[in-house]
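Residues per chain, in single letters:
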Amino acid sequence: KNEVEQSPQNLTAQEGEFITINCSYSVGISALHWLQQHPGGGIVSLFMLSSGKKKHGRLIATINIQEKHSSLHITASHPRDSAVYICVAAPLGGSNYKLTFGKGTLLTVNP
Amino acid sequence: NAGVTQTPKFQVLKTGQSMTLQCAQDMNHNSMYWYRQDPGMGLRLIYYSASEGTTDKGEVPNGYNVSRLNKREFSLRLESAAPSQTSVYFCASSEALRGRNIQYFGAGTRLSVL
């Protein structure tokens, strides 16, 4: 069983819809990352958070440490948001090099 | 700044051939990484280099070697390519920021081994 589980695996939405992608992890973490991978393959880091909530434009990431759960929300979704979103756990007390990656959520936003 | 640059972007090899994937970063980061990404699986760490002059195995190191040539460059070598090494390879670099690890990724190398 992967230590980082994402749901759903695939998500299709209409432009303008509110999107939620969930991430559950079973390890203690020092931080949790959200990455975005576009269809061309490039990967960019969206957020790194260890508590509470962060917002960047239409993207919001939240984390609940007690429940070992994080969500990524996209408001007013747009076709350019279509991408794979990857949740990544950085382990507590261990090496920063031992990141655990989720398998990703493929989001398709139709016009 | 170019960030993290990987070459080549695409490569096709025959079984048994060798090749080196190049990676360079211009952000003065200490740490660099090589990952592979396969369908249905998350990114998996092949090797990493915490700092210039050091390298360590990750989760899936078999069949690969690495060289941290200097602070900027970290190369990944396949000595005798196998079809199981068909994958997309990503290089990344990071500088621990207030104890936390933000990684910057290259554009990837699509490798097919026939």
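Residues numbered from 1 in each chain as written. Chains lettered and ligands numbered in written order. Predicted model: local features only at pLDDT ≥ 70, side-chain atom pairs only at ≥ 80, totals over all residues. Heavy atoms only, no water.

A.B. asks: Got a minute to help me understand the overall build of chain B in this structure?
C.D. replies: Secondary structure assignment for chain B yields 0 helices and 11 strands. Beginning at the N terminus, the succession of helices and strands in chain B can be written as β-β-β-β-β-β-β-β-β-β-β. A compact globule built from 114 residues would reach a C-alpha radius of gyration of about 13 Å, and chain B, at 13 Å, matches this within 12%. Intrachain contacts of chain B at a sequence separation of at least 6 include 55% that bridge at least 24 residues. (Helix = DSSP H or I, 4+ residues; strand = E, 2+ residues; numbered from the N terminus. Rg over C-alpha atoms; globule rule 2.2 N^0.38 Å. Contact = heavy atoms within 4.5 Å.)

A.B. asks: Explanation requested: the environment of B:Tyr47 in the structure shown.
C.D. replies: Residues and elements named next belong to chain B. Checked against the element boundaries, Tyr47 lands in strand 5 (residues 44-49). Separated by 27 residues in sequence, Tyr47 and Phe74 have C-alpha atoms that sit 10.0 Å apart. Residues within four places of Tyr47 in sequence aside, it is in contact with Tyr33, Trp34, Asp56, Lys57, Gly58, Pro61, Tyr64, Asn65, Val66 and Phe74.

A.B. asks: Can you help me understand the environment of A:Ile43 in this one?
C.D. replies: Its place among the elements puts A:Ile43 in strand 5 (residues 43-49). In this structure A:Ile43 comes out as buried when scored by relative accessible area, which is 5%. With 29 residues separating them along the chain, A:Ile43 and A:Gln14 place their C-alpha atoms 24 Å apart. If we skip the residues at most four places from it in the chain, A:Ile43 touches A:Leu35, A:Gln36, A:Gln37, B:Leu43, B:Phe90 and B:Phe105. (Buried < 20%, exposed > 50% of the residue type's maximum accessible area, 1.4 Å probe, protein only.)

A.B. asks: It is not clear to me how the pattern of salt bridges should be interpreted in this structure. Could you clarify?
C.D. replies: Oppositely charged side chains may form a pair once their charged atoms are brought near each other. All names here are of chain B. With the rule as written, the count across this model stands at 4 salt bridges over all chains. Residue Arg36 is joined to Asp38 by a salt bridge in which the shortest nitrogen-to-oxygen separation is 2.9 Å. Accessibility expressed as a relative area gives 9% for Arg36, which makes it buried. For Asp38, a relative accessible area of 10% translates into the label buried. Across the pair Glu79 and Arg77 runs a salt bridge, and its minimum N-O distance is 3.1 Å. Classification of Arg77 by relative accessible area gives partly exposed; the value is 29%. Each of Arg36, Asp38 and Arg44 takes part in a single network of salt bridges with overlapping partners. (Salt bridge = Lys/Arg side-chain N within 4 Å of Asp/Glu carboxyl O.)

A.B. asks: Would you mind going over the nonpolar core with me for this structure?
C.D. replies: The nonpolar side chains of a soluble globular protein tend to be buried, and buried together. Among the nonpolar cores identified, the biggest contains 23 residues, and A:Ile29, A:Leu32, A:Trp34, A:Phe47, A:Leu49, A:Leu72 and A:Tyr85 are the most heavily contacted of them. Excluding anything up to four places from it in sequence, A:Leu49 contacts A:Ala31, A:Leu32, A:Trp34, A:Lys54, A:Ala61, A:Thr62 and A:Ile63. Residues B:Cys23, B:Val60, B:Val66 and B:Leu78 belong to the second largest nonpolar core, which totals 20 residues. (Core = buried A, V, L, I, M, F, W, Y, C linked by side-chain atoms within 4.5 Å.)

A.B. asks: What's the story with the packing of aromatic side chains in this structure? I'm lost.
C.D. replies: Any two aromatic rings considered together are summarised by their centre-to-centre distance and by the angle between their planes. Counted by the stated rule, this structure contains 4 aromatic pairs over all chains. Summarising the aromatic geometry, the rings of B:Tyr35 and B:Phe105 are spaced 5.9 Å apart at their centres and angled 35° between planes, so their arrangement reads as tilted. One end of the pair, B:Tyr35, is in strand 4 (residues 31-37); the other, B:Phe105, is in strand 10 (residues 103-105), and 70 residues separate them in sequence. Of the two residues, B:Tyr35 and B:Phe105, neither departs from the other in class, the shared state being buried. An aromatic cluster of at least three residues, connected via ring pairs, comprises A:Phe101, B:Tyr33, B:Tyr35 and B:Phe105. (Phe/Tyr/Trp six-rings, centres within 6.5 Å; stacked < 30°, edge-to-face > 60°.)

A.B. asks: Please explain the interface of chain B and chain A as it appears in this structure.
C.D. replies: Bring the parts together and some accessible area is lost; that lost area is often taken as the interface size. Each partner contributes to the interface: chain B provides 20 residues, whereas chain A provides 19 residues. Both faces considered, chain B and chain A share a buried interface measuring about 1700 Å² in area, 59% of it formed by carbon and sulfur atoms. Here chain B and chain A share 1 residue pair in polar contact (both at pLDDT 80 or more) between them. Secondary-structure elements contributing two or more residues to the side of chain B that touches chain A are strand 4, strand 5 and strand 10 of chain B. Ranked by the residues each element gives to the side of chain B that touches chain A, the list is headed by strand 4 of chain B, at 4 residues. (Buried area = accessible area lost by both parts, 1.4 Å probe. Polar contact = N/O pair within 3.5 Å; in protein donor to acceptor, adjacent residues only side chain to side chain.)

A.B. asks: Mind showing me how you'd approach empty space enclosed by the protein here?
C.D. replies: Over the atoms, a rolled probe matching the size of one water molecule traces out where space is still vacant. Applying the stated criterion to the full structure yields 1 cavity of 30 Å³ or more. One number sums up the size of the largest cavity: a volume of about 60 Å³. In this structure, the largest cavity is lined by A:His33, A:Leu35, A:Ser45, A:Val88, A:Leu99, A:Phe101, B:Asn101, B:Ile102, B:Gln103 and B:Phe105. Elements represented by at least two residues in the lining of the largest cavity include exactly strand 4 (29-37) of chain A together with strand 10 of chain B. Its residues placed into classes, the lining of the largest cavity shows 6 nonpolar, 4 polar and no charged. (1 Å grid on protein atoms, 1.4 Å probe; cavity = no way out; pocket = protein on both sides within 12 Å on 5 of 7 lines; lining within 4 Å. Points joined across faces, edges and corners; volume = space filled by probe spheres on them. Nonpolar A, V, L, I, M, F, W, Y, C, P; charged D, E, K, R; others polar.)

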